[in-house]
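Descriptive analysis of the structure
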Amino acid sequence: MPHLSVKTCGRLSALAVAALGIGSALAHPGHPDAFGFNDGFAHPFSGLDHLLAMLAVGLWAAQNKRSALWLLPLVFPLMMVAGALLAFAGVALPGVETGIAASVAVLGLLIAFAIRMPAWASAAVVSVFAVFHGYAHGSELPHGASALWYGVGFVAATALLHLSGLAIGLVAGQKMAAQAVRVGGIAIAAIGGYLLSGAL
């Protein structure tokens, strides 16, 4: 079973800082695709709903352990790209905001109750929510931005948030603080419930 030490988590944090540095480097006016990448990278951080859902995927993967450690953080970005492609193609997807709010509430509850599912079931849950998040990202592509680099940006930010959630979950497990993660799940679910009430 994969095991992350505190030292490894420190390295992941350094990687996160490096990723943010890459985003800043691409912001240089001389880079032709900077507008698309930077907007895409910033988008998951621009709303509490996206931010919490992506962190929650990492936290839930850490709780499930085994194949979920790599499967969920891999499936979410892939299905998010599929959702973005639907938006780019002009396909209508109803209930996007409701789906996003529901993802925060449901993932928060799954963490709060430490629900473990078979790998295929947890991947299916994450996939459905990822499509809504990806569609929202894709539909908010800024005018004149490169769709390719915008997509690369939001996938990079998503992966960074998943890694952060994984690191928090695994470190908490090592330090016998699993209950704190579950309390965090309750907080995420409560915010998701609030967002859901506004989306309905």
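So, how was this worked out
- Residues numbered from 1 in each chain as written.
- Predicted model: local features only at pLDDT ≥ 70, side-chain atom pairs only at ≥ 80, totals over all residues.
- Heavy atoms only, no water.
- Axes fitted to C-alpha atoms, helices over the stretch in contact; angles between N-to-C directions.
- Helix = DSSP H or I, 4+ residues; strand = E, 2+ residues; numbered from the N terminus.
- Parallel < 35°, antiparallel > 145°, perpendicular 65-115°, else oblique.
- Left-handed = near helix turned anticlockwise from the far one by under 90°.
- Contact = heavy atoms within 4.5 Å.
- Nonpolar A, V, L, I, M, F, W, Y, C, P; charged D, E, K, R; others polar.
- pLDDT = per-residue confidence, 0-100.
- Core = buried A, V, L, I, M, F, W, Y, C linked by side-chain atoms within 4.5 Å.
- Buried < 20%, exposed > 50% of the residue type's maximum accessible area, 1.4 Å probe, protein only.

1. Overview of the packing of helix α3 (residues 48-64) against helix α4 (residues 68-88)
One can describe the packing of α3 onto α4 by two numbers: an axis separation of 8 Å at closest approach and a directional angle of 155°. On the basis of the axis angle, α3 is roughly antiparallel to α4. Crossing handedness for the pair α3 and α4: right-handed. Residues M54, V57, W60, A61, A62 and N64 of α3 pack against A68, L69, L72, P73, F76 and M80 of α4. Residue classes in the contact of α3 with α4 are distributed as 11 nonpolar, 1 polar and no charged.

2. Observations regarding the confidence of the model for the protein
Summary statistics for the protein give a mean pLDDT of 82 and a share of 80% for residues scoring 70 or more. Segment residues 8-34 is flagged for pLDDT under 50; beyond a separation of four residues in sequence, or across chains, it makes 22 contacts in the model.

3. Digging into the nonpolar core
Formed by 34 residues in total, the largest nonpolar core has its most connected members in W60, L72, F76 and L107. Listing elements by their share of this core, those giving two or more residues are α3, α4, α5 (96-112), α6 (119-139), α7 (147-174) and α8 (178-199). Residue contributions to this core peak at 9 residues, all from α3. Sequence-distant contacts of W60, that is, excluding residues within four places in its chain, are made with L72, L107, L110, I111, I115, M117, S122 and V126.

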